[in-house]
Amino acid sequence: MEIVKNAISFIYTKLFWKNARLVRLPIRVRGKDCMSYGPGFTTGYSCRIEMNGIKAPEKLIIGENCVIGDYAHIVANKKVVIGNGVLMASRVFITDTNHGEYSGLSETSNPEVSPNKRPLSYKKVTIGDNVWLGENVSILPGVVIGDGSIIGANAVVTKSIPVNCIAAGNPAKVIKIYNPDLRRWI
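Each value, and the rule that gives it
- The residue numbers shown here count from 1 along each chain, following its written sequence.
- pLDDT decides what is reported in this predicted model: residues at 70 or higher carry local features, side-chain atom pairs at 80 or more are listed and counted, and totals for whole chains, interfaces and linings draw on all residues regardless.
- To get the side-chain values, take all heavy atoms of the structure and skip hydrogens and water.
- Going along the chain from the N terminus, every DSSP run of H or I of four or more residues is numbered as a helix, and every run of E of two or more is numbered as a strand.
- Restricting the calculation to C-alpha atoms gives the radius of gyration, and the globule rule supplies 2.2 Å times the number of residues raised to the power 0.38.
- Whether two residues touch is decided by their heavy atoms; if any such pair falls within 4.5 Å, the residues are in contact.
- Throughout, the Shrake-Rupley method with a 1.4 Å probe supplies accessible areas, and for residues the shown protein chains are the sole cover considered.
- Strands are treated as partners if at least two bridges between them are detected by DSSP.
- Whenever a carboxyl oxygen of Asp or Glu lies within 4 Å of a side-chain nitrogen of Lys or Arg, that contact is scored as a salt bridge.
- Categorising residues by exposure relies on relative accessible area from a 1.4 Å probe, with only protein chains included: less than 20% of the type maximum marks a residue as buried, more than 50% marks it as exposed, and the intermediate range marks it as partly exposed.
- Without a salt bridge and with relative accessible area above 30%, a residue can belong to a patch; like charges are then joined within 9 Å and nonpolar side chains (Val, Leu, Ile, Met, Phe, Trp, Tyr) within 5 Å.

A.B. asks: Whenever I open this one, the overall build of the protein chain confuses me. Can you help?
C.D. replies: Summing up its helical and strand segments, the protein chain has one helix and 22 strands in all. Here the C-alpha radius of gyration of the protein chain, 17 Å, is about what a compact globule of 186 residues would show, namely 16 Å. The long-range share in the protein chain, meaning contacts at least 24 apart out of those at least 6 apart in sequence, stands at 27%. Approximately 10,300 Å² of the protein chain is accessible, and the part contributed by carbon and sulfur atoms is 57%.

Structure follows, in structure tokens:
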């Protein structure tokens, strides 16, 4: 059965996703004309990609040879950039959008207002080249993940992560750094 499902997905990919390697069905995409992706783009089953709101070119930019695991959910209402060679495990969530502003500067995002009525706020998300996102990782608005970094399973990334680091936890914190002189993680 898996062969049949992949064969159908392969035909679908070649018809509707130029240059992609394989887009597995089912997939839910809102605003596909607001996204770009490089050759070798691959998705798992049941991915959900949303680019709602004002139509603008390239709200979501996905680099070459990116692999997105099953049940991933990406929300790019303003701008999400995913570099080349990124590997995402299943159930990864990436968003550039919040229902409200919680920096302490906004009076409209208080708990007395329904979350659905709070104005949306946006902060660009950038994921560098050759990044690996583990199972169930959540990446929140405003985060930059540096090239070559690894985000451990179940991590919630609320702040930026430097290049060549391993980060884990909730909230995610750097736990190892790659030393290029020693050619190992320390």
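A.B. asks: What's the story with the sheet that holds strand β3 (residues 35–37) in this structure? I'm lost.
C.D. replies: Backbone hydrogen bonds hold the strands of a sheet together, and the pairing may be parallel or antiparallel. A sheet is described by the order of its strands in space; here five strands give the open sequence β3-β6-β9-β14-β17, paired in parallel fashion. The two strands at the open ends of the sheet, each matched to only one other strand, are β3 and β17 (144–145). Pairing geometry for strand β6 (residues 60–62) and strand β9 (residues 80–82), over three bridges, is parallel. The partner of Ile61 across the bridge, within β9, is Val81.

A.B. asks: Can you walk me through the pattern of salt bridges in this structure?
C.D. replies: Opposite charge on two side chains allows them to pair when their charged atoms are near. Per the stated rule, a full pass over the model turns up four salt bridges. With a shortest N-O distance of 3.1 Å, Arg30 and Glu50 are connected by a salt bridge. With Arg30 in strand β2 (residues 27–30) and Glu50 in strand β5 (residues 47–50), the pair connects residues that are 20 residues apart, well separated along the chain. Between Arg91 and Glu135 there is a salt bridge, with the nearest N and O atoms lying 3.9 Å from each other. One end of the pair, Arg91, is in the loop between β10 (87–88) and β11 (93–95); the other, Glu135, is in the loop between β15 (132–133) and β16 (138–139), and 44 residues separate them in sequence. Through salt bridges with shared partners, a single ionic network connects Arg30, Arg48 and Glu50.

A.B. asks: I tried to follow unusual backbone geometry on my own but got confused; where do I start?
C.D. replies: Trans peptide bonds make up the majority, and among non-glycine residues the majority have a negative phi. Omega for the bond connecting Leu25 with Pro26 falls within 30 degrees of zero, at 0°, which places this linkage in the cis form. Mapping Pro26 onto the fold places it in the loop between β1 (22–23) and β2. Along the chain, Asn170 connects to Pro171 via a cis peptide bond; the corresponding omega equals 0°. With respect to the helices, strands and loops of the structure, Pro171 is situated in the loop between β20 (165–168) and β21 (173–179). The phi angle at Asn136 is positive, at roughly 65°, despite the residue not being glycine. Relative to the helices and strands, Asn136 resides in the loop between β15 and β16. Non-glycine residue Asn164 carries a positive phi angle of around 50°. You can see Asn164 is positioned in the loop between β19 (156–157) and β20. On the basis of relative accessible area, Asn164 is assigned to the partly exposed category, the value being 31%.

A.B. asks: I would appreciate a short explanation of a nonpolar patch on the surface in the present structure.
C.D. replies: A grouping of Phe10, Ile11, Leu15 and Phe16 is seen on the molecular surface, where their side chains present a nonpolar patch of about 450 Å² in accessible area. Mapped onto the secondary structure, Phe16 falls in helix α1 (residues 2–16).

A.B. asks: Would you take a moment to explain the environment of Val143 for this structure?
C.D. replies: Within the secondary structure, Val143 is located in the loop between β16 and β17. You can call Val143 buried: its relative accessible area is 1%. Distance in space between the C-alpha atoms of Val143 and Asn98 is 13 Å, their sequence separation being 45 residues. Val143 has contacts with Lys124, Val125, Thr126, Val157, Thr158, Lys159 and Ser160, leaving out every residue within four places of it along the chain.

A.B. asks: How do you make sense of the pairing of β20 when you look at a structure like this?
C.D. replies: Each regular strand displays side chains that alternate between the two surfaces of the sheet. Inspection of the sheet shows strand β18 (residues 150–151) paired to β20 by two bridges, in the parallel sense. Paired with Ile151 across the strands is Ala167, a residue of β20. Across four bridges, β20 lies against β21 in antiparallel orientation. The residue of β21 that forms the bridge with Ala167 is Val174.

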